[in-house]
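Chain by chain, the residues:
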2 protein chains.
Amino acid sequence: MIKFCTRCGNNVSFEIPAGDVLPRHVCNRCGHIHYENPRLVVGCVASWEDRILLCRRAIEPRLGYWTLPAGFMENGETTSEAASRETLEEAGANIIVDAPFSMVSIAHINQVHLFYRGRLATAEHAAGEESLEVALVKPEEIPWNDLAFRSVTHCLEHYLEDLERGHFAFHETALGPAFQAT
Amino acid sequence: MIKFCTRCGNNVSFEIPAGDVLPRHVCNRCGHIHYENPRLVVGCVASWEDRILLCRRAIEPRLGYWTLPAGFMENGETTSEAASRETLEEAGANIIVDAPFSMVSIAHINQVHLFYRGRLATAEHAAGEESLEVALVKPEEIPWNDLAFRSVTHCLEHYLEDLERGHFAFHETALGPAFQAT
């Protein structure tokens with residue numbers, strides 16, 4: 001994806017810099033090294049009484065499928081601020097963030113998905129620009145077959161398990177590429 | 001830092017793209033938007049019997065100060081793989097990763113520091129290229145006044161507390177800019 005140097009605009013080569021072990025995009029003129037690193041997607045499993053806040057996606061990927069409010073963490077914010085911001089932007093809900101709950105590494109797309117547990121400060125919620133609709137659903141109403149991402153399924157499964165046993169832990173896993181239907 | 005487009009090499013402007021809320025570097029010719037996001041620094045507090053693995057830094061920042069093995073997570077790996085890799089690279093130690101232990105958001109430098117708990121598979125350890133020396137230290141030998149980063153201090157403090165009470169939790173916090181000596 002990186003063809004030109006962000007500092008001087010010259011062509012770059014893809015090579016292993018001196019003292020490094022991995023290939024990087026290195027500028028052929030000024031020598032600037034362009035590092036690329038995984039991105040954090042941060043969100044929240046937020047409750048109101050016995051219901052969980054879900055959003056139906058208005059954008060690709062997985063348009064029309066249900067998800068937890070989440071998105072790319074921005075520079076200048078903390079992980080919990082990112083969880084609050086995304087929940088407000090996508091679901092129109094102000095939350096009280098309780099604790100980190102689920103972390104999923106998805107190495108083949110260079111992402112780490114981090115979900116907090118939280119509670120809605122009031123019952124108020126409304127679809128943001130990236131959501132078709134937003135709903136507070138009971139556990140038995142979760143649309144398991146219409147969830148957008150496996151990290152969301154993983155988070156919700158553990159959330160209900162922990163709710164059942166009356167103790168919330170921090171859950172970590174890694175997901176590889178999904179099997180494709182042929 | 002971004003002056004030229006990575007796709008076409010043209011100049012970029014710093015502006016809020018349509019449908020966005022934050023300014024980004026946008027190419028004036030091809031329109032490519034250059035997103036910048038926080039980076040994950042991943043490491044490990046690794047033990048061997050009653051000792052903890054520490055490294056003395058051979059590179060800036062904080063050259064000469066003690067730290068836990070840690071570094072920028074790379075594309076294509078999971079968080080626990082990053083912790084293992086960094087511990088092998090910086091401290092020459094093979095570890096068994098147990099669980100995520102500490103997460104620290106440092107918003108003013110766009111970083112999230114994530115430390116795992118782990119154990120050395122064997123007592124073997126040796127300074128890597130980025131370390132002046134590596135040591136297995138007893139809790140009472142930790143050089144508190146010569147630690148490189150506050151996220152490391154935070155991690156070690158909680159590690160010893162949890163060790164003392166016999167139960168390891170997952171700890172999360174945020175750190176702002178340090179007070180400067182005047």
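Preceding this section is the structure that the text describes.
## Focus on the layout of surface pockets
Residue and element names in this part refer to chain B.
- If you add up the space inside the second largest pocket, you get close to 930 Å³.
- If you go around the second largest pocket, you meet 38 residues; those closest to its centre are Ile-59, Gly-71, Phe-72, Glu-90 and Glu-130.
- Of all the elements in the fold, those that place two or more residues in the lining of the second largest pocket are strand 4 (39-48), strand 5 (51-57), strand 7 (70-72), helix 1 (79-91), strand 9 (111-120) and helix 2 (150-165).
- If you tally residues by element for the lining of the second largest pocket, the top one is helix 1, at 4 residues.
- Among the residues forming the lining of the second largest pocket, the class breakdown is 16 nonpolar, 9 polar and 13 charged.

## Considering the sheet that holds strand 2 (residues 24-27) of chain B
Residues and elements named next belong to chain B.
- Within the open sheet, the 3 strands sit side by side as 1-2-3. Their pairing is antiparallel. Two strands lie at the open edges of the sheet, namely strand 1 (12-15) and strand 3 (33-34), each paired on one side alone.
- Direction of pairing for strand 2 relative to strand 3: antiparallel, over a ladder of 2 bridges. Bridge assignment links Val-26 to a residue of strand 3, and that residue is Ile-33.

## Observations concerning the relation of the copies chain A and chain B
- With an RMSD of 0.0 Å, chain A superimposes on chain B once it is rotated by 180° and translated 0.0 Å along the axis. A rotation of that kind, with that shift, is consistent with a two-fold axis. Across chain A, the smallest distance between a C-alpha and the rotation axis is recorded for Gly9(A), namely 2.4 Å.
- Comparing contact sets, 100% of the residues at the interface of chain A also lie at the interface in chain B, consistent with an isologous, same-surface contact.

## A few points about empty space enclosed by the protein
All names here are of chain A.
- All chains considered together, the criterion is met by 1 cavity of 30 Å³ or more.
- Taken as a whole, the largest cavity spans an internal volume of roughly 40 Å³.
- What lines the largest cavity is Cys-55, Arg-57, Ile-59, Thr-67, Glu-90, Glu-130 and Ser-131.
- Across the lining of the largest cavity, the residue classes break down as 2 nonpolar, 2 polar and 3 charged.

## A short note on helix 1 (residues 79-91) of chain A
Residue and element names in this part refer to chain A.
- Given a rise of 1.5 Å per residue, 13 residues ought to cover 18 Å, and the 18 Å separating the end C-alpha atoms of helix 1 matches this to within 8%.
- Buried residues of helix 1: Thr-79, Ala-82, Ala-83, Arg-85, Glu-86, Thr-87, Glu-90 and Ala-91, and no others.
- Positive backbone phi, approximately 60°, marks Gly-92, located one or two places after helix 1.

## With respect to the pairing of strand 4 of chain B
Residue and element names in this part refer to chain B.
- Within strand 4, 8 of the 10 residues are buried, leaving the element largely enclosed by the surrounding structure.
- As paired elements, strand 4 and strand 9 share 9 bridges and run parallel to each other. Its bridge partner lying in strand 9, Gly-43 is registered against Phe-115.
- Sheet topology note: the strand 4/strand 7 ladder contains 3 bridges and is antiparallel. Note that in strand 7 the partner of Val-41 across the bridge is Phe-72.
- A loop of 2 residues connects strand 4 with strand 5, the two strands running antiparallel in sequence, and Glu-49 in this loop sits at a positive phi of about 55°.

## Here we look at the pattern of salt bridges
- For the structure on display, the rule yields 16 salt bridges over all chains.
- A salt bridge links Arg85(A) to Glu89(A); the shortest N-O distance between them is 3.3 Å. You can see Arg85(A) and its partner Glu89(A) sitting in helix 1, 4 residues apart, about one turn around the helix.
- In this structure, the salt-bridge partner of Glu77(B) is Arg85(B), at a minimum N-O distance of 2.8 Å. As far as burial versus exposure is concerned, Glu77(B) and Arg85(B) are alike and both buried.
- Salt bridges here are not isolated pairs; linked through shared partners, they connect Glu77(A), Arg85(A), Glu86(A) and Glu89(A).

## What about the side chain of His158(B)?
All names here are of chain B.
- Along the chain, the position of His-158 falls in helix 2.
- At 3.3 Å, the side chain of His-158 forms a polar contact with the side chain of His-171.
- Every residue in contact with His-158, bar those within four places of it in the chain, is listed here: Phe-101 and His-171.

Criteria and thresholds
- Residues numbered from 1 in each chain as written.
- Chains lettered and ligands numbered in written order.
- Predicted model: local features only at pLDDT ≥ 70, side-chain atom pairs only at ≥ 80, totals over all residues.
- Heavy atoms only, no water.
- 1 Å grid on protein atoms, 1.4 Å probe; cavity = no way out; pocket = protein on both sides within 12 Å on 5 of 7 lines; lining within 4 Å.
- Points joined across faces, edges and corners; volume = space filled by probe spheres on them.
- Helix = DSSP H or I, 4+ residues; strand = E, 2+ residues; numbered from the N terminus.
- Nonpolar A, V, L, I, M, F, W, Y, C, P; charged D, E, K, R; others polar.
- Pairing = 2+ DSSP bridges.
- Least-squares fit on C-alpha atoms with pLDDT ≥ 70 in both.
- Contact = heavy atoms within 4.5 Å.
- Expected span 1.5 Å × (residues − 1).
- Buried < 20%, exposed > 50% of the residue type's maximum accessible area, 1.4 Å probe, protein only.
- Salt bridge = Lys/Arg side-chain N within 4 Å of Asp/Glu carboxyl O.
- Polar contact = N/O pair within 3.5 Å; in protein donor to acceptor, adjacent residues only side chain to side chain.

Note that every value here comes from positions in space, so none of it alone points to a role or purpose.
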